[in-house]
Amino acid sequence: MTAKRTIDLLQGTLDLLILRTLQDEGKHGWDIAERIEQTSEHVLEVNQGSLYPALHRLEHQGLIKAEWGISELGRRARFYQLTPSGRKQLTAEFEDWQRMSAAINRILKMA
Amino acid sequence: MNRHDFWLRLRALFLPRRGEAELDEELQFHLEMEARKNRALGVAENDAKRQASLRFGNLTAIAEQCRDERGIRLIDNLGRDLRYGCRQLRRTPIFTLMSILSLALGVGANTALFAVFDAAYLRKVAVPQPDDLVSFQWKAFGESNPLAPRRIYGSRISTSDEKSGKPYSASTSFGMQPFEALRKAADVPAEVFGFASFQASVDIDGWPHDVSAQVVSGNYFQALRTGTVAGRPLEPSDDTPVAAPAAVISEFAWRDLFASDPSTIGRNVVLNGVSITIVGVIPAEFQLEGGILPAFSVPMTHASRISQGTFGRTEVWWLQVMARKAPGTTITQVENSLQGLFEGSVLALRPSSEQIRPEQIPRLVAFSGSRGFVRIGGGRMADFLLTVATVFGFLLLIVCLNLANLLIARGSSREYEVGMRLALGASRFRLVRQLLTESLLLSSLGGVAGALMAFWGKELLKPYLDQQIALTMSWRILAFNILIATAAGLLFGLAPALRATQSIPIEATRRKSGSGAQPRALVSKSLVVIQVAMSVVLLVGAALLVQSNDNWKRLDLGFKPETLVTFDTPRPSASRLGAGTLAVITERIRGVPGVLGVSTAICFPPSSCGQGIRSRGDDTTRLAGARQLDIAPTFLATLGSSLIAGRNFRAGDETVVPDVAIIDENAARRLFPGENPLGKQFDFGADSDQVFEVIGVAKSVVFDVGRPEIRPVFYTLETSAKQVDGTGFVVRIAGDTESVIRGIRSAVAEVDPSFPLFNVTTVRQIIERHLSQQRQLSLTWTFFGASALLLTAIGLYGLMAYIISRRVSEIGLRIALGASSLSILRLVMRQISRLVLIGLVIGFVASLALNQVIRAYVFGVDLFELPTFIGVALVVAAITTLACYLPARKATRVDPVTALRCD
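Rules and cut-offs
Residues numbered from 1 in each chain as written. Chains lettered and ligands numbered in written order. Predicted model: local features only at pLDDT ≥ 70, side-chain atom pairs only at ≥ 80, totals over all residues. Axes fitted to C-alpha atoms, helices over the stretch in contact; angles between N-to-C directions. Helix = DSSP H or I, 4+ residues; strand = E, 2+ residues; numbered from the N terminus. Left-handed = near helix turned anticlockwise from the far one by under 90°. Contact = placed C-beta atoms within 7 Å. Nonpolar A, V, L, I, M, F, W, Y, C, P; charged D, E, K, R; others polar. Core = buried A, V, L, I, M, F, W, Y, C linked by C-beta atoms within 7 Å. Buried ≥ 20, exposed ≤ 12 C-beta atoms within 10 Å, placed from the backbone. pLDDT = per-residue confidence, 0-100. Pairing = 2+ DSSP bridges.

Draft legend 1. How the structure looks around the packing of helix 7 (residues 176-183) of chain B against helix 11 (residues 331-349) of chain B. Residues and elements named next belong to chain B. For the pair helix 7 and helix 11, the least separation of the axes is 9 Å and the interaxial angle reads 150°. With respect to the hand of their crossing, helix 7 and helix 11 are arranged in right-handed fashion. Taken together, the residues of helix 11 that come into contact with helix 7 (itself represented by Gln177, Pro178, Ala181 and Leu182) are Leu338, Leu341, Phe342, Gly344, Ser345, Val346, Ala348 and Leu349. The residue inventory of the contact of helix 7 with helix 11, partitioned by class, reads 9 nonpolar, 3 polar and no charged.

In structure tokens, the structure reads:
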């Protein structure tokens, strides 16, 4: 096996990843997918069919907001940004994730 | 829903196109970026875009999911579905019109019925704080409880306790003494008032009018706080023997009888022979019982005089009792505080010699009166509503099944469209919702038409109601209308929508329209069977009612009702001649030209007195419900009946012990089968010590016209003691009825001008009144039976058309191979004929059970009558065959070339 095996995203983790990706600056949809894949060194592959519904869902939950801006292609693109409540949500979910993964790790590494 | 959500939805609602365009742009941008990346990785231009698309997946489906997430689909799609639905309905105008019309029939009929139900039972009494009103009834345990009143004006139920199984009788009618005891009670947190309604005749400017009337206790209007439109309400001071007779009228009566003339207040009218002054008008919204406010209300102190002796008698319990409880008290508190007073007053009515067991003492039961006074056992209104609701419920069900059938048939022609949309990625849920929107659109239109029809239809229901009922549209009725229209829409829309979207897209698009696999017609087939069965049930019911009417018309009453005049008199003590009045009047009437015979009888129609009788000492059989008449010796001759055996009453019989009685053949058969009844004795059951000896047997006559069965009759001697409350006159006449009646009136006026005669009429007219109600009932059933059959025919037509559309190519092939028209017809009709046949059989079985509902209305009709069933079967078969034949004939004209080219 030369190629790295890609892993489907765990249920519910896509939202967390989107929020984390948007933490520092606003991005458009494609950029978010790219960033996740690159940062995970192509271990995680974002199913693009679920990316946009997730973005729209988060927008409706008020965790992110969308604005039209000019992209690197020179045409209009929809840029997403964290809202204050999105930031809070990210912190909370991040902590949850930390605790959960630590717990799972402890169990998996049991002697 | 949070703030963002709300604004985004609002934006989507008002700027739908912009949202759509933006979504599109966003997704396209993604593809562009992906393609650019591919190009950068060295993929050829064409492949770059293709790979981007492949990786992305189904663009339309994803866009749809995004709309889902945005939650705008609901609103957005609703509008789109409605527009689409409208287009579909416009495209098939005949289907649309038929559907709306049949829905209007079903929904309208039920809404109208609900309006009656609402007026009678649901509406709260239109007075301040209606929740403080309390209604009363009494309950007496034991089969023949000596403490229970023997005679009731109103209704009484005899049943057994649900828990203990003990028999008891109960009624809302109270005697005068118990009522007075309750009303005068001090330290009770309730103001007790009483009332009793009756039919009266009022003379206004010399013209008689039949009106409804009630006597009320003086505190009635005070306790209810009805208010007035004009004048003043009755007050306790009006309810004293010395007060000038006063009356208040309803707003309806004010409008109909006095043209809402303000000078009506202070006017004198003659009500049932008593001159009274109108002092006030009660608002139309106020009704205490079944949506009805009697036209005239008069103080109870005049009860006996103005009701011709019906009210005010001590042995008859005639008064309805309610109360307004003090705010903050409970109904149970009111009941407890009055219980002792009621029981004491009942005990005081019995002679002390009689042995009373404590459990025999009748108990007072209080319940809420906020929705007005409800008669025990529901009365005629409840029977009426139940019967009509059964019919109307059936009707609506048939309408729904029928539309479901048509929609399924139509669904088959839209299979291609549905299949195509499924193939393009539309979800089944989405399609079902769109199809449901169409049927709901249809049912809403039907509901609106139904509401209009109900407005008109409730007028049609009025003849079936005993009295004018105040039917007004209310939010409850509107809500009911919307509810059943929506329920109907779901009912007839769901199955077709689910079926239409079941198809496998590939097959549907490939097949285009019909052929190949057999239709999955199971649902439609069972619908047809049910419809045929329902039509049969309704038509059989209608046929039985029509036959019953016919039986009444042909029935030999045993006497000639056309030339028999009858009227009632008040108590003889009302006349200055006193006890001898009736004898004097009888002699005078005998002398009137055109009078062939005169007699008197108590409980002669339209009144009726019932009594359970049995052969003396026979404890094994049930009491036979018999009709009792107290007659003068001349009665049988005047009636035109005669004795078959034994003798008539004669002077001195009144002192004979035991009492003597004449029974009719019917009673003789029931009590003494196969025996000579003369000299035999009968009684009223173990609990009564009255015994009668049979001295004669009379030819049977029928008094109970319009009832489901003819009761046995026994005659007892009318004595002057029994006449204290007045009696009925029976006069056999010849010649012109009007002029003879005028002669009788003036003969009576010569004796005593102030002595009134009530309800002067011929027995024929009394009978006609009973029969017209029966006729209306059978008309209703016939109308709905015919409607149901018509709707079934529409449904069958739809199914047939569907089946044929599925088999077009097969039929074309057969024709091409030389099949004759007849064999094609046989081919397509065979399937449906079997269904109709099954429906007929089920219908007949069901009608045997459901005819129990109309048992109370039919006379002399065997509920299983073969000729009726055969007749109905022939009619249904003929109509359904015609409905199938029309589309089937089209099948025989299929052009083989066109049909085969379809594939």
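Draft legend 2. Structural view of the nonpolar core. All names here are of chain B. Ranked by internal contacts, the top residues of the largest apolar core, which has 150 residues, are Leu395 and Met800. No other element matches the 19 residues that helix 22 (residues 763-806) contributes to this core. With near-sequence residues (within four places) excluded, Met800 lies in contact with Ile832, Cys884, Pro887 and Ala888. Core analysis: the next-biggest nonpolar cluster, separate from the first, contains 72 residues, Ile278, Phe311, Val321 and Leu364 among them.

Draft legend 3. Up close: the confidence of the model for chain B. Residue and element names in this part refer to chain B. Looking at chain B, pLDDT values average 82 and 90% of them are 70 or higher. Highest mean pLDDT in chain B belongs to strand 12 (residues 296-299) (94); lowest belongs to helix 16 (residues 505-511) (54). Taken together, the stretch residues 512-519 has pLDDT below 50 and engages in 19 contacts with residues farther than four places along the chain or on a different chain.

Draft legend 4. Summary view of the pairing of strand 3 (residues 156-160) of chain B. Residue and element names in this part refer to chain B. The pairing of strand 3 with strand 4 (residues 167-171) spans 5 bridges and is classified as antiparallel. In the sheet register, Ser158 faces strand 4, and the bridge partner there is Ser169. The hairpin formed by strand 3 and strand 4 contains 6 residues between the paired strands, and Gly165 there has a positive phi angle of roughly 75°.

Draft legend 5. The arrangement of the interface of chain A and chain B in detail. On the side of chain B, 23 residues touch chain A, which itself brings 14 residues to the contact. For the side of chain A that touches chain B, the elements supplying multiple residues, two or more each, are helix 2 (29-39), helix 3 (48-61) and strand 3 (76-82) of chain A. Counting residues per element, the side of chain A that touches chain B draws most heavily on helix 3 of chain A, at 7 residues. A breakdown of the residues in the side of chain A that touches chain B according to their chemical character gives 5 nonpolar, 6 polar and 3 charged.

Draft legend 6. How the structure looks around the sheet that holds strand 1 (residues 27-28) of chain A. Residues and elements named next belong to chain A. One open sheet accounts for 3 strands, arranged 1-3-2; its pairing is antiparallel. Since the sheet does not close on itself, it has two edges, and those belong to strand 1 and strand 2 (64-70), each with one partner. Note that strand 2 and strand 3 share 7 bridges and pair antiparallel. Note that in strand 3 the partner of Lys65 across the bridge is Gln81.

Draft legend 7. View of helix 7 of chain B. Among all positions in helix 7 of chain B, only Met176(B), Pro178(B), Phe179(B), Ala181(B) and Leu182(B) are buried. Those residues of helix 7 of chain B that are buried lie in contact with strand 5 (173-174), strand 6 (190-204), strand 14 (319-325) and helix 11 of chain B.

Draft legend 8. How the structure looks around the environment of Trp317(B). All names here are of chain B. With respect to the secondary-structure elements, Trp317 resides in strand 13 (residues 316-317). Among the residues examined, Trp317 registers 24 C-beta atoms within 10 Å and is labelled buried. Along the chain, Trp317 and Ala148 lie 169 residues apart, while their C-alpha atoms are 9.8 Å from each other.

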